Amino acid sequence: MLSKSMRKCNSVTAMKYTRGEESQLTGQAAMLLELKCRVQEQQTLCQVAEVERDRLLQLVSTLQRELADAKQSASAALQDLNTERRTTALLETKLDQKLMSIPLSAEPPAHLDNLQQRLSRQEEEIKALRYTVDEMRRDKETDMRLYDELHRQTKQIFLEGVRKVKANVKTN
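Quick look at the structure, then. Keep in mind the model is a prediction, meaning the values are calculated, not measured.

The next thing to look at is the overall build of the protein chain. Within the protein chain, the secondary structure is distributed over 3 helices and 0 strands. When the elements of the protein chain are put in sequence order from the N terminus, they spell out α-α-α. Here the protein chain holds 172 residues, and 18% of them are scored as buried. Sequence-distant contacts in the protein chain: of pairs separated by 6 or more residues, those separated by 24 or more amount to 83%.

And the structure:
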């Protein structure tokens, strides 16, 4: 978009000079033409900057939404983990009390096996919840690295465009 406006200004100037009408252009008219070209270039640069800014704002809002979702999921997983820990601690306490009340030579009652199975299942659930929280944390870090790289690239492209415009304005 920027190069089109610059080409237009340059072609208008070139047409004026190539037609042999150089003598007809007064110093003020040439200055006015140059100022119009600069204004048009600055307007185009402003439009490009606005488009880039809007694009970055969209990316930031998307990342913020994803981050909020990840935080909410992590919070829910941690609450579940804490609940399971409390339940496990309570069951371990009950199991210890039952084991203390059973004579050493007697066979353990059937409900004791059920408690032990339940305890093992809850320990597996705790491991699964920890794994999920760790995965979410890694995903969040990956998203942030991608966002930082995209931001760096966009900034670099924008600055290169600004340098090109400045270079073209100086040459004109």
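Glancing now at the pattern of salt bridges. This structure, assessed with the given rule, holds 6 salt bridges. For the salt bridge of arginine 38 with glutamate 34, the shortest nitrogen-to-oxygen distance reads 3.4 Å. Of this pair, arginine 38 and glutamate 34 are both found in helix H2 (residues 27-101), 4 residues apart, which corresponds to roughly one turn of the helix. Residue class for arginine 38 comes out partly exposed when judged on its relative accessible area of 37%. Owing to a relative accessible area of 22%, glutamate 34 belongs among the partly exposed residues under this scheme. Across the pair arginine 138 and glutamate 135 runs a salt bridge, and its minimum N-O distance is 2.5 Å. Highlighted residues: arginine 138 and glutamate 135, both in helix H3 (residues 110-171), separated by 3 residues, approximately one helical turn. Looking at arginine 138, the relative accessible area reads 38%, which means it is partly exposed.

On the surface, Glu92, Asp96, Glu123, Glu124 and Glu125 cluster together to form a negatively charged patch. By secondary structure assignment, the location of glutamate 124 is in helix H3. In this structure glutamate 124 comes out as exposed when scored by relative accessible area, which is 54%.

Turning to H3, a few remarks are in order. Between its terminal C-alpha atoms H3 stretches 92 Å, which fits the 92 Å expected from 62 residues at 1.5 Å a residue. When H3 is considered as a whole, its buried residues turn out to be Leu112, Leu119, Gln122, Ile126, Leu129, Val133, Met136, Tyr147, Thr154, Val162, Val165 and Val169.

In a packed pair of helices, the relevant descriptors are the angle between the two axes and the axis-to-axis distance. At a minimum axis distance of 9 Å, the contact between H2 and H3 shows a crossing angle of 170°. For the element pair H2 / H3, the angle class is roughly antiparallel. Looking at the contact of H2 with H3 residue by residue, the classes come out as 28 nonpolar, 8 polar and 17 charged.

Conventions adopted
Residues numbered from 1 in each chain as written. Predicted model: local features only at pLDDT ≥ 70, side-chain atom pairs only at ≥ 80, totals over all residues. Heavy atoms only, no water. Helix = DSSP H or I, 4+ residues; strand = E, 2+ residues; numbered from the N terminus. Buried < 20%, exposed > 50% of the residue type's maximum accessible area, 1.4 Å probe, protein only. Contact = heavy atoms within 4.5 Å. Salt bridge = Lys/Arg side-chain N within 4 Å of Asp/Glu carboxyl O. Patch = residues over 30% accessible without salt bridge, like charges linked within 9 Å, V, L, I, M, F, W, Y side chains within 5 Å. Areas by Shrake-Rupley, 256 points an atom, 1.4 Å probe, with all protein chains shown as cover. Lys, Arg positive; Asp, Glu negative; His and termini not counted. Charge placed at Lys NZ, Arg CZ, Asp CG, Glu CD. Expected span 1.5 Å × (residues − 1). Axes fitted to C-alpha atoms, helices over the stretch in contact; angles between N-to-C directions. Parallel < 35°, antiparallel > 145°, perpendicular 65-115°, else oblique. Nonpolar A, V, L, I, M, F, W, Y, C, P; charged D, E, K, R; others polar.

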